[in-house]
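As a plain string of letters, each chain reads:
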Amino acid sequence: MKSIQYSAPAKVIISGEHAVVYGKPALVCAINKRLSIKFTPAKKTIYIDDIFPKLERFVLDFLKLKKEKINKIEYSYSVESSIPMGRGLGSSAAYCACISAGLLELFTGREWSKEEINMCAYKMEKYFHKNSSGVDTSTSVMGGLIYYRKEFEFLKTISSLAIKIPKHFIDSLVLIDTGKPVETTGEMVQSVGALYNKNSKKMEIIFNEIEKATKRIIVSLMKEDLSFFIDNIKENQDLLGQIGVVSEKTKILLNDLKTYGVGKITGGGGKIDSSGYILFLCKNKDECIRQLEKKSISYLQFLPSYTGLIKEL
Ligand code: MEV
């Protein structure tokens, strides 16, 4: 048997993080940073980290559930990635997508559909993020611009939107690194859960407002209305602050940068110190980048990718 290699993209949540865990929609875009895993049949499997055997178990359980004949061959594997880790850009989702695709094929000798790979990757991602909505793995597997909504475990809308992010929006966007949060995404989801348990009425009101902002952002993309987009990014950031997922340090940074544009956290966020990446809309991109470089703040270009999970080998 030959080597098998899959790659999957990072993602940026444009709107709806956290609210998506409570049945609200999220708008997410895959971006041009990718992770790939190569599996090669070997005499003996050598795991390069402690988590991998646990993730492999999810694949085996998934295959058992499907009553699929399993040929558990031994293998070696190597991982390559350009996705910054633990900063809200979906590195663990891309990891789960590639492991699922690669091991499903390795243990059965056939390729699996994206829907099945996503189902397996979602179960795996729950190991990392416990109460995960599935939005990250779905975007990484499908690629492009995704409207995602989970009503129930058995009912999820994963729509690939036909609209694209207008070029003049992309030309103004940048991803600013506030640093790696102390908390994991799972811990941030739990901390929002604790607030929800204390005051579900208030949290429901905020999530409803986030839903409205998400829908208005979609309208702004359709109408190519940049100022409507900016208003709703600001609104979204404000609401995320109210559910406690934005640290003081990140709020201060956004305030320092307010002459140059507006931004919102993307993904789980972080409240103790850093909050991961910020999706930032520059008034003047060259000027904005000059400022970031002057302040030694690292950033990435925001470049959408319409290529989801793919088989490389
Ligand atoms: C993390 O990228 C997005 C969250 O909404 C968690 C999830 O949906 O699984 C914070």
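On a predicted model such as this, the values are computed, not experimentally measured, just so you know.

Within the structure, the ligand sits among 14 residues, and Lys11, His18, Val20, Ser133 and Asp136 are positioned closest to it. Between the ligand and the protein, one listed contact pairs an oxygen atom with a side-chain N or O atom of Lys11 at 2.9 Å. Ser133 has a polar side-chain atom sitting 2.5 Å from an oxygen atom of the ligand. For the ligand, whose unbound accessible area comes to 300 Å², protein coverage reaches 99%. When each cavity is represented as a set of grid points, the ligand is found to reside in the largest pocket. Of all the elements in the fold, those that place two or more residues in the shell around the ligand are strand E1 (4-15), helix H4 (135-142) and helix H6 (185-198). Here the residues of the shell around the ligand are counted per class, giving five nonpolar, six polar and three charged. Lining the shell around the ligand are residues from two domains, each supplying at least three of them: domain 1 (4-163 + 305-311) and domain 2 (167-301).

Bringing the nonpolar core into the picture now. One recurring pattern in soluble globular proteins is that nonpolar side chains are buried together. Ranked by size, the top nonpolar core spans 59 residues in total, and within it Ile14, Leu103, Ile165, Phe229, Phe302 and Leu309 carry the most contacts. Broken down by element, the residue count for this core peaks at 11 residues, all from helix H2 (residues 91-108). In this structure, this core is formed jointly by two domains, domain 1 (4-163 + 305-311) and domain 2 (167-301), each of which donates at least three residues. Grouped together as the second largest cluster of nonpolar side chains are 14 residues, Ala19, Tyr196, Phe207 and Leu240 included.

For the rest of this paragraph, the subject is helix H1 (residues 51-65). Counted at 1.5 Å a residue, the expected span for H1 with its 15 residues is 21 Å, and the 22 Å between its end C-alpha atoms agrees. Residues of H1 that are buried sit in contact with strand E2 (26-41), strand E3 (75-81), H2 and helix H3 (114-129). Within two residues after H1, Lys67 carries a phi angle of roughly 55 degrees, on the positive side.

Here we come to the layout of surface pockets. Over the atoms, a rolling probe the size of a water molecule traces out where space has been left empty. The volume enclosed by the largest pocket comes to roughly 800 Å³. Lining the largest pocket are 39 residues, and of these Gly86, Ser91, Ser92, His129 and Thr185 lie nearest its centre. Contributions of two or more residues to the lining of the largest pocket are made by E1, E3, H2, H3, H4 and H6. Looking at the lining of the largest pocket residue by residue, the classes come out as 14 nonpolar, 17 polar and eight charged.

Moving on, we come to the domain arrangement of the chain. The domains assigned to the chain are domain 1 (4-163 + 305-311) and domain 2 (167-301). Taking the mean C-alpha position of each, domain 1 and domain 2 sit 24 Å from one another. Note on domain 1 versus domain 2: buried area summed over both sides is about 2,700 Å², and carbon and sulfur give 67% of it. On the domain 1 side of the contact with domain 2, His18, Tyr22 and Arg87 bury the most area, a combined 26% of that side's loss. Summed over the shared surface of domain 1 and domain 2, the number is four salt bridges. Between Arg149 and Glu211 there is a salt bridge, and its shortest N-O distance comes to 3.1 Å.

Our next topic: the pattern of salt bridges. Scanning the model with the defined rule gives 19 salt bridges in all. Between Glu211 and Lys24 there is a salt bridge; the shortest N-O distance is 3.6 Å. Within this pair, whereas Glu211 is found in helix H7 (residues 200-223), its partner Lys24 is found in the loop between E1 and E2, the two being separated by 187 residues in sequence. Its relative accessible area of 11% is what places Lys24 among the buried residues. One salt bridge in this structure joins Arg149 and Glu151, with 3.3 Å as the shortest N-O distance. Taken together, the salt bridges that share partners define one network made up of Lys24, Arg149, Glu151, Glu211 and Lys215.

Relative to the helices and strands, Ser191 is located in helix H6. Relative accessible area serves as the criterion here: at 15%, Ser191 is assigned to the buried category. Here Met188 takes part through its backbone oxygen, which lies 3.2 Å from a polar atom of the side chain of Ser191.

What counts, and where the lines are drawn
- Residues numbered from 1 in each chain as written.
- Predicted model: local features only at pLDDT ≥ 70, side-chain atom pairs only at ≥ 80, totals over all residues.
- Heavy atoms only, no water.
- Near = heavy atom within 4 Å.
- Polar contact = N/O pair within 3.5 Å; in protein donor to acceptor, adjacent residues only side chain to side chain.
- Areas by Shrake-Rupley, 256 points an atom, 1.4 Å probe, with all protein chains shown as cover.
- 1 Å grid on protein atoms, 1.4 Å probe; cavity = no way out; pocket = protein on both sides within 12 Å on 5 of 7 lines; lining within 4 Å.
- Sits in = over half its atoms within 2 Å of the grid points.
- Helix = DSSP H or I, 4+ residues; strand = E, 2+ residues; numbered from the N terminus.
- Nonpolar A, V, L, I, M, F, W, Y, C, P; charged D, E, K, R; others polar.
- Domains from an automatic or database assignment.
- Core = buried A, V, L, I, M, F, W, Y, C linked by side-chain atoms within 4.5 Å.
- Buried < 20%, exposed > 50% of the residue type's maximum accessible area, 1.4 Å probe, protein only.
- Expected span 1.5 Å × (residues − 1).
- Contact = heavy atoms within 4.5 Å.
- Points joined across faces, edges and corners; volume = space filled by probe spheres on them.
- Buried area = accessible area lost by both parts, 1.4 Å probe.
- Salt bridge = Lys/Arg side-chain N within 4 Å of Asp/Glu carboxyl O.

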